[in-house]
Amino acid sequence: MTQPTSHRPTSVWALRAPGLLFAAAIGLASMLLARIPAVESIGMSALPLAIILGIFIGNTFFPRIAGNLGAGVDYSRTMLLRAGIVLFGFRLTFQDILGVGLSGVVIAVLIVASVFLLAIWLGRLLGMDRDLAMLIGSGASICGAAAVMATEPVVKAQAHKVSVAVATVVVFGTIGMFLYPFLRVPFGLDAHAYGVYAGSTIHEVAQVVVAGRAVSQEAANTAVIEKMIRVILLAPFLLTLSAWMRAKSGGTGKSKLVIPWFAILFLCVGAFNSLHLLPKAWVDAILLFDTFLLATAMAALGLRTHAIAIKQAGMRPMLLAGLLFVYLIVGGLAINLGVQALLG
């Protein structure tokens, strides 16, 4: 008598492993590329590189093998992303706020709020998709690609919209990185004022560092501290955005209240890091691992992004991002000078 064949259920992790490893390999490659002096000199960090590599691979041979890798790739762009945002908290301490004083905090809050609200308003005028406008606004107002990725779970945006928003960060953040050092003298800014201005208005952390160092180390240090205050605002921004979307929808449907646990943990990690309980070598290792997690998530996002979807988005996203960029330069300067005049 033939015995029934026993089918051993496939482990969830066995299904995810190939895709996880594939995305991780692209993420690691982007980190290595970002260390090349020529790439490093233009402020191109591992995260934008990862999504660019992911999009390239995802639109060439990846569709033919996606069935075997899909589960792990999708896990990478969701759970690994959230873990990466949590560990991102090790990049800041609340003592950073003391470096720029009350005026630096007020400037950061005004920049984040005004840029994001302007993005929604301009997006409506341009007839753009609301989710895409909010993603572009979050990237321009807070911390570039990381903010776009952190906003995605709250608005539940499609992958290609996230990729389009990240592309705007790469384009205009890179332009700003090279342009800002030439604005210091015409705008009459000393090293400290320039650092606050650059840190409060340039998209990515890496771009802020390059723009600051082009003037002086003092300007770079101040710029990074101001940028970190914008990073701290990521958590309250996500909580406020979730509540706002729920209120706007009447508390029903897609915009139900979402509590982004990763944003709360991000703040908790920042608070812990402010106590300076871990040796610097440990923190550096954690930050390296965090970059790897975020780069892997970016790579996975790129793998799931189809070029045709980006093409269909058209020029309006770039137009919106360009208008926000102009506002960051002009309006950001006005906010900086006004707050400094009032608070010193």
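The shown structure was predicted, so the numbers you read here are calculated from the model rather than taken from an experiment.

A. Expanded view of the packing of helix H1 (residues 12–34) against helix H3 (residues 46–58). Between H1 and H3, the least distance of the axes is 8 Å, while the angle of their chain directions is 130°. With respect to each other, H1 and H3 are oriented oblique. Relative to H3, H1 is oriented so that their crossing is right-handed. Within the contact between the two elements, H1 uses Phe 22, Ile 26, Ala 29, Ser 30, Met 31, Leu 33 and Ala 34 and H3 uses Ala 46, Leu 49, Ala 50, Leu 53, Gly 54 and Ile 57.

B. Main features of the side chain of Ser 274. In this structure, Ser 274 sits in the loop between helix H13 (261–273) and helix H14 (280–303). Engagement of the side chain of Ser 274 in a polar contact is seen with the backbone oxygen of Gly 270, the distance being 2.8 Å. Once residues within four sequence positions are removed from consideration, Ser 274 is found in contact with Thr 93, Phe 94 and Gln 95.

C. Local environment of the environment of Val 162. With respect to the secondary-structure elements, Val 162 resides in helix H8 (residues 159–183). Between the alpha carbons of Val 162 and Leu 323 there is a distance of 19 Å; along the sequence they are 161 residues apart. Every residue in contact with Val 162, bar those within four places of it in the chain, is listed here: Leu 135, Val 148, Met 149, Glu 152, Ala 157 and Leu 301.

D. Broad picture of the state of the cysteines. A full pass over the atoms with the stated rule returns zero disulfides. Counting only cysteine sulfurs, Cys 268 is the nearest neighbor of Cys 143, a cysteine outside any disulfide, at a range of 17 Å.

E. Fine view of helix H9 (residues 191–201). With nine of its eleven residues buried, H9 lies for the most part within the structure. Of the positions making up H9, those classed as buried are Ala 191, Tyr 194, Gly 195, Val 196, Tyr 197, Ala 198, Gly 199, Ser 200 and Thr 201. Summarising the contacts, the buried residues of H9 are in contact with helix H5 (96–125), H8, helix H10 (205–213), helix H11 (217–232) and helix H16 (316–343). Where H9 begins, the side chain of Asp 190 points an oxygen toward the backbone nitrogen of His 192, at a separation of 3.2 Å.

F. Layout of H10. Turning to H10, its buried residues are Gln 207, Val 208, Ala 211 and Gly 212. The buried residues of H10 occupy an angular sector of 130° when projected down its axis, which confines them to one face. Next to the buried residues of H10 lie H8, H9 and H11.

G. Inspection of the environment of Tyr 75 at higher detail. On the secondary structure map, Tyr 75 appears in helix H4 (residues 62–87). In contact with Tyr 75, other than residues within four places in its own chain, are Trp 13, Arg 16, Leu 20 and Leu 80.

What counts and how
Residues numbered from 1 in each chain as written. Predicted model: local features only at pLDDT ≥ 70, side-chain atom pairs only at ≥ 80, totals over all residues. Heavy atoms only, no water. Axes fitted to C-alpha atoms, helices over the stretch in contact; angles between N-to-C directions. Helix = DSSP H or I, 4+ residues; strand = E, 2+ residues; numbered from the N terminus. Parallel < 35°, antiparallel > 145°, perpendicular 65-115°, else oblique. Left-handed = near helix turned anticlockwise from the far one by under 90°. Contact = heavy atoms within 4.5 Å. Polar contact = N/O pair within 3.5 Å; in protein donor to acceptor, adjacent residues only side chain to side chain. Disulfide = S-S within 2.5 Å. Buried < 20%, exposed > 50% of the residue type's maximum accessible area, 1.4 Å probe, protein only. Arc of directions from axis to C-beta.

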